[in-house]
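# Commentary on secondary and tertiary structure
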Amino acid sequence: MRVVLVWAVSTLTMLALAAILPDFRLESADGESVTRVGLTAAWGAGAFGLLSALVWPVVVRALLLVPALVLGLLVFFLNGSLLLMALWLIPDSRGVTAAPETAVVVAAVMSAVASATSTALAVRDDEAYRRRLHRLADRRRRRQGGPGDEAGPGLVFLQLDGVGYATLHRAVAEGLMPTVARWTDGSHRVAPWRTDWSSQTGASQLGILHGSNFDVPAFRWYEKETGEVMVCNRPTSAAELQRRAAARTGHEGLLVRDGASRGNLFGGGADQLALVLSVAARRSPGTRSRAGYFAYFSDPANAVRTALSFVAEVGREIGQSLGARARQERPRVSRSGLYPVIRAFATVVERDVVVSAVIGDMFAGRAAVYADLVAYDEVAHHSGPHGRDTDRVLARLDRSLALIARVAEHAPRPYRIVLLSDHGQSPGETFLGRYGLTLKDLVRAGCGLPVPRRARRTRSGAEARAAVLAALHRPVEEEGDEAHPPPGDDPVVLASGNLGLISFPDREGRASREWIERTHPALLATLADHPGVGFLLVDGEVLGPGGAVARLDVPGEAEELLADFGPGAADAVRRTNGFPHVADIMVNSAYDPRTGAVHAFEEQIGSHGGLGGEQGHPFLMWPTELPRPGADLVGAEAVHEVLRGWLRETDGPQIPVSGPVPAPDAIPASFPTAVPTAVPAAVPDRPEDPRREGESRGTLPSAGVSAPDETR
């Protein structure tokens, strides 16, 4: 019955388009009877629907090696070709004509209408929908030996990339996320957790999925023994990090049995992978990271809807960027070039494909699914963590959560949805915008090296940018000086949000403070006394302004010096100090506890990667049926222990468990009135920092030049 109704609606759509579009006719020039025209439209709609169902998946699979974004553009032309073929199949079609460009429009409209009609009918007939899903699930179980009716509940982990605990609280309070609000009011509990010093997706997700983020000091860092720069979103680096984590923990990850990893940097040990960067360079059919594109674009209606939304999002970003410039909003960074396309990919294409993959996993009855939705993180870097741009992204993410929750009601097994984030975002003007120079300029000046008049831009390290390049068959594999800095006296300076790393390639092993002061006498003082720098880590010592020094092995010294950065800051620095690949000098930007602002060393007005503010306080939200985690979750590895404890509780994927889940503590079911952050409610008066006196603009000659944008 549903097929007949969809056919009827498609027929009426074709008739309406024939009446509206001048280059599309269903009758000869002499005229035809109404019945004849109606039968012609019915033939055409039926043939188009049949070709879409039978031919389209074959065509898309044949074009799977075509870059995904190119495939999205080909959707319209392929759809138009199918329509022309359908019209050619109509008996006695001498009066049926359609210009090729008109066929593209007609095919797009008919695909969208047919998809909307089918979805509406399915929603109105929940029992029929449920029976269909159970038939599909039974078919899969017979073919693959999947879970039967007695299978326990599955777990779906949805990561809202970059959404901090305070941001989630605000979005719920302001009505931006009604689905999350309903969960926090009854079915779920929520609590913040604290990241490591490196508050970015690479470190957090490696720890969450694989149980270890040891020796990941930042988003990118220099390894002296190989002379290579490791980058978390470079496929070869991600694969190596995944291998190291597995070797350290003794297991492959959180999703080793009947798990699926969607849109992540790492696979988590899952056998079902889609849009996973650690396997982006592989070419085997079973592990190709782009496999999710075929499943999604094999439905022409999906392809048309996403393509239209993509174009609309590009226009929305251009309009918002022009509006921010016209209002002279500050702080502000450049949003020109390819950024509108990258943003649209993150907020539309990747979101749609990942959500579709998660729905498919639930229909298939998989035991565990972990998916990353990067839309908010990408927009917050360039528009700021709080504002109209990011509010709209949060609202759209909430609609995706609502869709997944509705699908869970019809899945062949019960599902428990866990919502979490990997880090937050801290606002603030960039280091370049505030002081007129880049961190690299400052380092070279402190070393007595010439400072270029204009800072050279480097490629962005954004997750969304990396996903775009992977979709275009051009994953981020940097070459030359970017991946292998030449040996010599010049220091290697890298940025990870408001965390900077300085390494000396010609110095074997970790440079001591004595060696640095002897070789570059002015460098440490130049950095530590700069008003945009909060503190340095050098060979087990924390250096602050005015000659302040705290040894990490002396109890209480680092805690006092780093008090403004919140509880646990000294422990996070102490842990990083023990990494084999910690940089010779680690630089954390200044942080204002009153405003929560930091200064990113790259072009981001919403940043993360170091210490200071909301960036270090993501959240974890879980159903009330699951055991409560400990009261104070510190580090991504602790989150991993909680998640795999929940998997064990629900009889999900079995991986080695070293100990029981932490004892439950009193955690409120919904958000408390006072939002815990790294910032105390009131900051006591302190002596004025002498570094902040005088002109705020830098004196080195690179003002007005954008710093490298290496977004997480």
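See above for the structure.
These remarks concern the structure in this document. Computed from a predicted structure; not experimentally measured.

This paragraph deals with the side chain of R262. Relative to the helices and strands, R262 is located in strand 7 (residues 259-262). Accessibility expressed as a relative area gives 7% for R262, which makes it buried. Here R262 is in contact with Q272, L273, A274, V354, A357, V358, D361, R366, V369, Y370, A371 and D372, once residues within four sequence places are set aside.

Let us look at the sheet that holds strand 16 (residues 549-551). Spatially, 6 strands are ordered 12-13-17-14-15-16 in an open sheet, and the strand pairing comes out antiparallel. Two strands lie at the open edges of the sheet, namely strand 12 (492-496) and strand 16, each paired on one side alone. Sheet twist, expressed as the average angle between the axes of neighbouring strands with direction ignored, equals 20°. Note: strand 14 (residues 533-538) against strand 17 (residues 585-589), 4 bridges, orientation antiparallel. For L537, the partnering residue across the bridge sits in strand 17 and is M586.

With that out of the way, let us pick up the packing of helix 13 (residues 375-383) against helix 14 (residues 388-408). Orientation of helix 13 relative to helix 14, taken along the N-to-C sense of each, is 175°, at an axis distance of 9 Å. In terms of orientation, helix 13 lies roughly antiparallel with respect to helix 14. The residues of helix 14 that touch helix 13, namely those facing A375, Y376, V379, A380 and S383, are D389, T390, V393, L394 and L397. Each residue belonging to the contact of helix 13 with helix 14 can be placed in one class, and the counts come to 7 nonpolar, 2 polar and 1 charged.

Quick look at the packing of aromatic side chains now. Scanning all chains against the criterion turns up 9 aromatic pairs. On the basis of an interplanar angle of 35° and a centroid distance of 5.7 Å, the ring pair of F565 and Y591 is categorised as tilted. Remark: Y591 occurs in strand 18 (residues 591-592) and F565 occurs in the loop between helix 20 (557-561) and helix 21 (569-577); sequence separation between them is 26 residues. A connected cluster of aromatic rings, assembled from ring pairs, spans W197, F535, F565 and Y591. When the ring centre of F214 is taken as origin, the NZ or CZ atom of R248, which lies over that ring, is 3.9 Å away.

The rules behind each value
- Residues numbered from 1 in each chain as written.
- Predicted model: local features only at pLDDT ≥ 70, side-chain atom pairs only at ≥ 80, totals over all residues.
- Heavy atoms only, no water.
- Helix = DSSP H or I, 4+ residues; strand = E, 2+ residues; numbered from the N terminus.
- Buried < 20%, exposed > 50% of the residue type's maximum accessible area, 1.4 Å probe, protein only.
- Contact = heavy atoms within 4.5 Å.
- Pairing = 2+ DSSP bridges.
- Axes fitted to C-alpha atoms, helices over the stretch in contact; angles between N-to-C directions.
- Parallel < 35°, antiparallel > 145°, perpendicular 65-115°, else oblique.
- Nonpolar A, V, L, I, M, F, W, Y, C, P; charged D, E, K, R; others polar.
- Phe/Tyr/Trp six-rings, centres within 6.5 Å; stacked < 30°, edge-to-face > 60°.
- Lys NZ or Arg CZ within 6 Å of the ring centre and 35° of its normal.

Spatial relationships are all this shows, so hold off on functional conclusions.
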